[in-house]
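Per-entry structural report
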Amino acid sequence: MSEVKLAAEIRSEFGKGAARRVRRENKVPGVLYGHGSDPIHISLPGHELLLALRTSNVLLAVEIEGKTELAIPKAVVRDPLRGYLEHVDLLIVKRGEKVNVEIPVHTEGELAPGAYLVEHVLNALPVEAEATHIPESVTVSIAGLAAGDSILAKDITLPSGTTLAVEDDTVVLQVLAAQAEEPAAEAEGEGVEAVEA
């Protein structure tokens, strides 16, 4: 996983008004914390941060006043309507340090012939990995699976240096039989008592 370098500025003003001013400058307010240090309130370049966050669990090299801190996104707040970034919390990490993250689960292959659906019980798999080697995702084969089949966390092959952060027997995916819609009632008012006004 490559590092994405971002130049940050320290924020001295707080509150909604200050956050709006930061966003008007096409920047995103954020907090950098971890390893027992005091939280550092920063503003980050909006477009570069948005591009970086397209990769889940991206490793950020945040430059603040000549010093570089490695960090991963811990919480990202987006505007629910427009989708722009409102705030980001970044967790400081060190090289060689293990961190708990969730990585997306992708599927490949075709289910057995029939009317089956794949239910993602977990869209993301909790794992423990080295901060500088977090896998982007895991891919699971669903080829030939039918109703009643499931894939457990222990069935997923993880990259070296990555371990599960959930129980081995946790269901990640399961295959269900598609349900046919119930036919609509033929006669209007069937099974319903008439009420006179």
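Notes on the structure follow. (Residues numbered from 1 in each chain as written. Predicted model: local features only at pLDDT ≥ 70, side-chain atom pairs only at ≥ 80, totals over all residues. Heavy atoms only, no water.)

This part takes up the overall build of the protein chain. Within the protein chain one finds two helices and 13 strands. Looking at the protein chain residue by residue over its 197 residues, the buried ones come to 33%. Taking the contacts inside the protein chain whose residues are at least 6 apart along the sequence as the reference set, 63% of them involve residues at least 24 apart. If you sum the accessible surface of the protein chain, you get close to 12,300 Å²; carbon and sulfur atoms cover 48% of it. (Helix = DSSP H or I, 4+ residues; strand = E, 2+ residues; numbered from the N terminus. Buried < 20%, exposed > 50% of the residue type's maximum accessible area, 1.4 Å probe, protein only. Contact = heavy atoms within 4.5 Å. Areas by Shrake-Rupley, 256 points an atom, 1.4 Å probe, with all protein chains shown as cover.)

All right, on to the sheet that holds strand S3 (residues 37-45) then. On the basis of which strands lie adjacent, the closed barrel formed by six strands has the order S1-S3-S2-S6-S5-S4 and mixed pairing. The mean angle between the axes of side-by-side strands here comes to 45°, regardless of whether they run parallel or antiparallel. Here six bridges tie strand S1 (residues 3-10) to strand S4 (residues 59-64), and the two strands are oriented parallel to one another. Residue pairing for S4: Leu-6 is matched across the bridge by Val-62. Helix H1 (residues 16-24) contacts strand S2 (27-34), S3 and strand S6 (85-93) of the sheet and is inclined by roughly 115° relative to S2. (Pairing = 2+ DSSP bridges. Axes fitted to C-alpha atoms, helices over the stretch in contact; angles between N-to-C directions.)

Bringing the environment of Ala-8 into the picture now. If you trace the backbone, Ala-8 turns up in strand S1. On the accessibility criterion, Ala-8 (10% relative accessible area) is buried. Expressed as a C-alpha distance, the spacing of Ala-8 and Ile-64, which sit 56 residues apart in the sequence, is 5.4 Å. If sequence neighbours within four positions are ignored, Ala-8 has contacts with Ile-42, Ser-43, Leu-44, Val-62, Glu-63 and Ile-64.

Before going further, it helps to examine the environment of Val-127. By the element assignment, Val-127 lies in strand S9 (residues 124-130). Taking relative accessible area as the criterion, Val-127 reaches 0% and is therefore assigned buried. Sequence separation between Val-127 and Thr-162 is 35 residues, and the spatial gap between their C-alpha atoms is 6.6 Å.

On to unusual backbone geometry. Phi angles above zero are rare outside glycine, and His-35 is one such case at about 55°. Within the secondary structure, His-35 is located in the loop between S2 and S3. Backbone geometry at Glu-65 places phi at a positive 50°, although glycine is not the residue there. Among the secondary structure elements, Glu-65 is positioned in the loop between S4 and strand S5 (67-78).

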